Amino acid sequence: MIYKTNEYLGYPDRISVPAGETVKFQLSSRRDAVKVEVLRLRCGDVDVNGPGFKYDLMDSAIDGVHACLDQEIRPGSCAVIEHGGTLVPSGNGWSFGCYIYPTHIADNGRGIMSNWCETTGQGYALELDSEGRPVLRLGSTCLTLDVKVRERVWSFISATLDLAKKTARLSLIVPADGTRPAAAHAKSFALPDVLPLDSGLDFLIAAHHLDPANRYTAHFDGKIEAPRIVSSSLEAEALRVLDCQPRTGAAAPGLVAFWDFGDGITTLDIKDLSANCLHGRLHQLPRRGVTGFFWSGAVHDFRLAPREYAAIHFHSDDIYDCQWQTTFTLDVPADWRTGVYALRLTPAGDEPEPDCESYVTFFVTPGKQTKRADLVVVLSVATYLAYANSALRLYQVHFETLMEHVLWLPLDDVYMQEHPQIGQSTYDSHVDGSGRAYSSWLRPVLSMRPRGYWFNMINDTHILDWLEEKGIAYDVITDVELDREGARALRPYRAMMTPTHAEYYSFNMMNGIMDYQNGGGRHISMGGNAFYWRCGFHPAAPAALEVRRGMAGTRTWESEPGEVHLAGTGEPGALWRHSGFAPQKLVGTGFSAMINDTCTYYVRTPDSEDPRAAFIFEGTGRHERFGDFGFRYGGAVGSEIDRLDYDLGTPRHALLIATSEGLGAGALPTPEEFRTMVDGLDGTQNALVRADMVFFETGNGGAVFASGSITFGMSLGHNNYDNNISTITLNVVKRFLDPEPFVLPALT
């Protein structure tokens, strides 16, 4: 049956909620009512060939039918300044302009500086038309300079009004760069006697108003730097070189506003340097920490030279928060178990529609009164967000070659193609070709729910299903708690487990786990390609994950030169490996390769016979193939795999207890694993292309076990949970939950 999965869409205001607290849900549908149920998921994989879709139906106060609104998504970032009329042209003269760096000149006009309203036709604006020509809007009057700006070239665009003489001048200056000489263009116009320059609305940078209801449109794609307004008739070059740095007691005469985007880069605020203090606020999270007109290339960290990063990159398809009205609020009972929860949304009518079913996922974490289990599973919310609404299948021309199978498009992909305003993942690109650095949960995430794309969260529920099957008590927390609380989030637990694909990790998360491990905590790393990308939750937009790709790693886009640092925290982005904290240093293994043909299995190594590791293989044979089976992939070694490397930080006393065998030509190393293109890079000849299973002890009685493969967790349920992957995992879990401390071997 093909399910209609998008008749209802929604999102929670908080992705994880402690038992006993509240969470608000925002729903939207063209249908005016929705039937709501709450499920606690045991296995969210609806594929009947695996463990199957398993859940508990929870009794809740929101069960039943609710009215539903058809709520709009309006993407597009801009800056909003409340000005109380100060930015309405007055007196005899008015000059305004800024540096621009267009990255996508579209087939419709783009606002740059404006209070103009499209519905009322009132206000004024500096814009680009559909061909990139500067336009000055004055009420219903539209004046155009017959020269085009170029994409990815810095220009200074400005307009001057002489309200006494009833004239206007529109100018474009292209400063010299490299071998390109400077150029200047200008044109004067006569003005009508009456100009409706006051729309009565906020002043916008990078958009104009659609209507008086604070809906914005005509969003600019590209960078804008140093917008300025002066209450006099200045020549364009004089306005361009205006000194923006005020000195105490020496305010610039006539300066109405000068927004310095280099001030407050880690915030959503923009600062006006003028005496008017017309500070503003960013809307829909445009990208900061980007190089500006004055970037010299001498620094790559905006914290060292913020004046060289005094630009903001706006996008017409930026989306942080849909800002939908709340449909209902759930008071999560204090006695609910932690876990993966989902709203099941179905039609409210009398006629059954079994093919219409949608979900909104959220996570319940321990509340203040919750009795903690000894084991905690840290669900990879950062990774879920990084991949949220990934459209790679739609836009990567090499996708079928990459994945070694024919492209298939579920209805969610069709929906995203037809509704791009929902926003994509950090693997996708904006309409101007720049990579998407942000992903948030304040929008429908189609890939993080049952009947959605199974990668990541759905795969992780296979591990929860196995824990339930084996009767192992556990709690669930998420990356959000680990990022906000660090090691404190882990301290109540004797052992922690990270699931199939814990790929994206923040500074707090990495350090939190290391502190936990060194303090005697036990860590079971069940996946592959783990602890790979350095990311951050944006402090000023806490529902957003920020990723900068850098110039290496398995990536679908690269950061622009000089733009690798996270705008929210200032930290360098890119791979943890390039911050001196390779995953091997944390769990003994790190990303080695992707496997796109067939999955394989592990065989034991001589280290596995060390008495320190004897408990792991109890009940199995010395020469068995471990995981020569698995749901969906057919093997416990597959998809993305990690390997041991002492030079990258694997502890010298770590035991390599099993390694993969039988990898084929479809197993390809991640780019940072080789420096030169040579023959023999693939899994048939390259010794670095492998999955390693590793065990080692840490200080204060702790220990680490790492499986080194994403598909490891999808082998647990094979043969009704009776298999050697299940056996060794159960051995590890039982020993890691045993209070008896591990003994750190003598280190040489």
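Please refer to the structure placed before this passage.
As the structure is a computational prediction, the values presented were derived from the model and not from experiment.

1. Notes on the overall build of the chain
So, point 1. Each helix and strand counted, the chain has 11 helices and 42 strands in total.
So, point 2. For the chain, the C-alpha radius of gyration of 28 Å lies close to 27 Å, the compact-globule estimate for 748 residues.
So, point 3. Seen through its principal axes, the chain has C-alpha atoms that stretch 95 × 65 × 50 Å.
So, point 4. Counting all 748 residues of the chain, 63% fall into the buried class.
So, point 5. In the form shown here, the chain has an accessible surface area of approximately 27,900 Å², with 50% of it arising from carbon and sulfur atoms.
So, point 6. The centroid of the 65 positive side-chain charges in the chain is displaced by 4 Å from the centroid of its 92 negative side-chain charges.

2. Observations concerning the pattern of salt bridges
So, point 1. According to the stated counting rule, one finds 41 salt bridges in the structure shown.
So, point 2. Between E37 and R344 there is a salt bridge, with the nearest N and O atoms lying 3.0 Å from each other. You can see E37 sitting in strand β4 (residues 33-43) and its partner R344 sitting in strand β26 (residues 339-347), a full 307 residues away along the chain. The same class applies to E37 and to R344, which are both buried.

3. Observations concerning the packing of aromatic side chains
So, point 1. For the coordinates displayed, the defined rule picks out 38 aromatic pairs.
So, point 2. Between F53 and Y55 the ring centres are 5.0 Å apart and the planes differ by 55°, which places this aromatic pair in the tilted class.
So, point 3. You can call Y55 partly exposed: its relative accessible area is 32%.
So, point 4. A ring pair is formed by F53 and Y359, whose centres lie 6.0 Å apart and whose planes are at 80°; its orientation type is edge-to-face. Taken together, the positions of F53 in the loop between β4 and β5 (54-58) and Y359 in strand β27 (residues 358-365) put the pair 306 residues apart, joining distant regions of the chain.
So, point 5. What links up through ring pairs into an aromatic cluster is the set Y387, Y427, Y453, W454, F455, Y504 and Y633.

4. Some remarks on helix α8 (residues 507-518)
Because an α-helix packs 3.6 residues into every turn, residues spaced three or four apart end up facing the same way.
So, point 1. Relative to the 16 Å expected for 12 residues at 1.5 Å per residue, α8 spans 17 Å between its end C-alpha atoms, a close match to the ideal helical length.
So, point 2. Taken residue by residue, α8 has M509, M510, G512, I513, M514, Y516 and Q517 as its buried positions.

5. Digging into the sheet that holds strand β29 (residues 438-440)
So, point 1. The four strands lie next to each other as β29-β35-β34-β32, forming an open sheet whose pairing is mixed. One side of each edge strand has no neighbouring strand; the edge strands of this open sheet are β29 and β32 (504-505).
So, point 2. Pairing between β32 and strand β34 (residues 533-538): two bridges, direction parallel. Its bridge partner being in β34, Y505 is matched across the sheet by R534.

6. Thoughts on the environment of L343
So, point 1. With respect to the helices and strands, the residue L343 is situated in strand β26.
So, point 2. Judged by its relative accessible area of 0%, L343 is buried.
So, point 3. Remark: the alpha-carbon pair of L343 and P12, spanning 331 residues in sequence, is separated by 10.0 Å.
So, point 4. In contact with L343, not counting residues within four places along its chain, are F25, V36, E37, V38, I62, F328, S358, Y359, V360 and F362.

7. A word on unusual backbone geometry
For residues that are not glycine, phi is negative in most cases, and the peptide bond is trans in most cases.
So, point 1. Backbone geometry at K166 places phi at a positive 60°, although glycine is not the residue there.
So, point 2. Turning to its location among the elements, K166 is positioned in the loop between β13 (155-162) and β14 (167-174).
So, point 3. You can call K166 partly exposed: its relative accessible area is 32%.
So, point 4. In this structure, N719 takes a positive phi of about 55° despite not being glycine.
So, point 5. As for its position among the elements, N719 is in helix α10 (residues 718-721).
So, point 6. Accessibility expressed as a relative area gives 49% for N719, which makes it partly exposed.

8. Digging into the environment of V694
So, point 1. Locating V694 in the fold gives a position in strand β41 (residues 692-697).
So, point 2. Discounting residues that sit within four places of it in the chain, V694 has contacts with V587, G588, T589, L644, A654, L655, L656, I657, V704, F705 and A706.

9. Describing the sheet that holds strand β40 (residues 667-669)
Pairing between sheet strands relies on hydrogen bonds along the backbone, with the strands arranged either parallel or antiparallel.
So, point 1. The sheet built from three strands is open, its strands ordered β38-β36-β40 with antiparallel pairing. Since the sheet does not close on itself, it has two edges, and those belong to β38 (640-644) and β40, each with one partner. On average, each strand axis in the sheet is inclined to that of its neighbour by 45°, with strand direction left out of account.
So, point 2. Note: strand β36 (residues 589-595) against β38, five bridges, orientation antiparallel. From the neighbouring strand, T589 faces β38, where its bridge partner is L644.

10. Here's the deal with a nonpolar patch on the surface
So, point 1. Together, I2, L407, L409, L411 and V414 make up a nonpolar patch on the protein surface, roughly 410 Å² of accessible area in all.
So, point 2. A relative accessible area of 40% places L411 in the partly exposed class.

11. Overview of the pairing of strand β37 (residues 601-604)
So, point 1. What you see with β37 is no split at all: Y601 and V603 on one side and Y602 and R604 on the other are buried throughout.
So, point 2. With four bridges connecting them, β37 and strand β39 (residues 655-661) associate as antiparallel partners. Bridged to R604 within β39 is A658.

12. As for the pairing of strand β1 (residues 9-12)
Two faces belong to every sheet, and in a regular strand the side chains alternate between them.
So, point 1. Side chains of β1 alternate between two faces, with L9 and Y11 and G10 and P12 buried alike.
So, point 2. With four bridges joining them, β1 and strand β3 (residues 22-28) adopt antiparallel strand pairing. Bridge assignment links Y11 to a residue of β3, and that residue is Q26.

13. Description of helix α6 (residues 457-469)
So, point 1. In a regular helix each residue adds 1.5 Å, so 13 residues correspond to 18 Å; α6 covers 19 Å between its end C-alpha atoms and thus fits that length.
So, point 2. Across the 13 residues that make up α6, a large majority, 11, are buried.
So, point 3. Here α6 has its buried residues at M457, I458, N459, D460, T461, H462, I463, L464, D465, W466 and L467.
So, point 4. After α6 finishes, the residue G471 shows a positive phi value of roughly 70°.

14. So, the side chain of D318
So, point 1. Within the secondary structure, D318 is located in the loop between β24 (311-314) and β25 (328-331).
So, point 2. No salt bridge forms around the buried D318; measuring N to O, its nearest opposite-charge neighbour R436 is 5.4 Å away.
So, point 3. For D318, the side chain forms a polar contact with the main-chain nitrogen of H315, separated by 3.0 Å.
So, point 4. Beyond its immediate stretch of four places on either side in the chain, D318 contacts P75, G76, S77, Q284, L285, P286, H313 and H430.

15. With respect to the environment of T598
So, point 1. Counting through the fold element by element, T598 comes out in the loop between β36 and β37.
So, point 2. Along the chain, T598 and G638 lie 40 residues apart, while their C-alpha atoms are 7.3 Å from each other.

16. Comments concerning the side chain of D260
So, point 1. Within the fold, D260 resides in strand β20 (residues 255-260).
So, point 2. Despite its burial, D260 pairs with no opposite charge, the nearest such side chain being R307 at 5.1 Å.

Basis of the calculations
Each residue is numbered by its place in its chain's sequence as written, counting from 1. Given that the model is predicted, a residue must reach a pLDDT of at least 70 before its local features are reported, and side-chain atom pairs must reach 80 or more before they are shown or counted; all residues, however, enter totals for whole chains, interfaces and linings. Just so you know, side-chain values use all the structure's heavy atoms and leave hydrogens and water out. For the purposes of this entry, the term helix denotes a DSSP run of H or I that reaches at least four residues, the term strand denotes a run of E that reaches at least two, and both are numbered from the N terminus. Only C-alpha atoms enter the radius of gyration, while the globule expectation follows 2.2 Å times N to the 0.38, with N the number of residues. Partly exposed residues are those whose accessible area sits between 20% and 50% of the maximum for their type, while under 20% is buried and over 50% is exposed, using a 1.4 Å probe and protein chains only. Surface accessibility in these figures is a Shrake-Rupley result with a 1.4 Å probe; residues are shielded only by whichever protein chains are displayed. For the charge count, each Lys or Arg is scored as positive and each Asp or Glu as negative, with His and the chain ends excluded. One atom stands in for each charge, and that atom is NZ of Lys, CZ of Arg, CG of Asp or CD of Glu. Salt bridges are defined by distance alone: a side-chain nitrogen of Lys or Arg within 4 Å of a carboxyl oxygen of Asp or Glu. Working definition: a ring pair exists when centres of Phe, Tyr or Trp rings (six-membered ring for Trp) sit within 6.5 Å. Plane angles under 30 degrees give stacked, over 60 give edge-to-face, the rest tilted. Under the convention used throughout, the expected extent of a helix is 1.5 Å for every residue step, that is, one less than its residue count. Pairing between two strands is assigned when DSSP locates at least 2 bridges connecting them. A contact between two residues is defined here by any heavy atoms of the two lying within 4.5 Å. Here, axes are lines fitted to C-alpha atoms. For helices the fit covers the stretch in contact, and angles between N-to-C directions go from 0 to 180 degrees. By definition, no residue in a patch forms a salt bridge, and every one has over 30% relative accessible area; like charges are joined within 9 Å, nonpolar side chains (Val, Leu, Ile, Met, Phe, Trp, Tyr) within 5 Å. Pairs of N or O atoms within 3.5 Å make up the polar contacts considered here, provided that, within protein, one atom can donate a hydrogen while the other can accept it, and that residues adjacent in sequence are counted only when both atoms are side-chain atoms.

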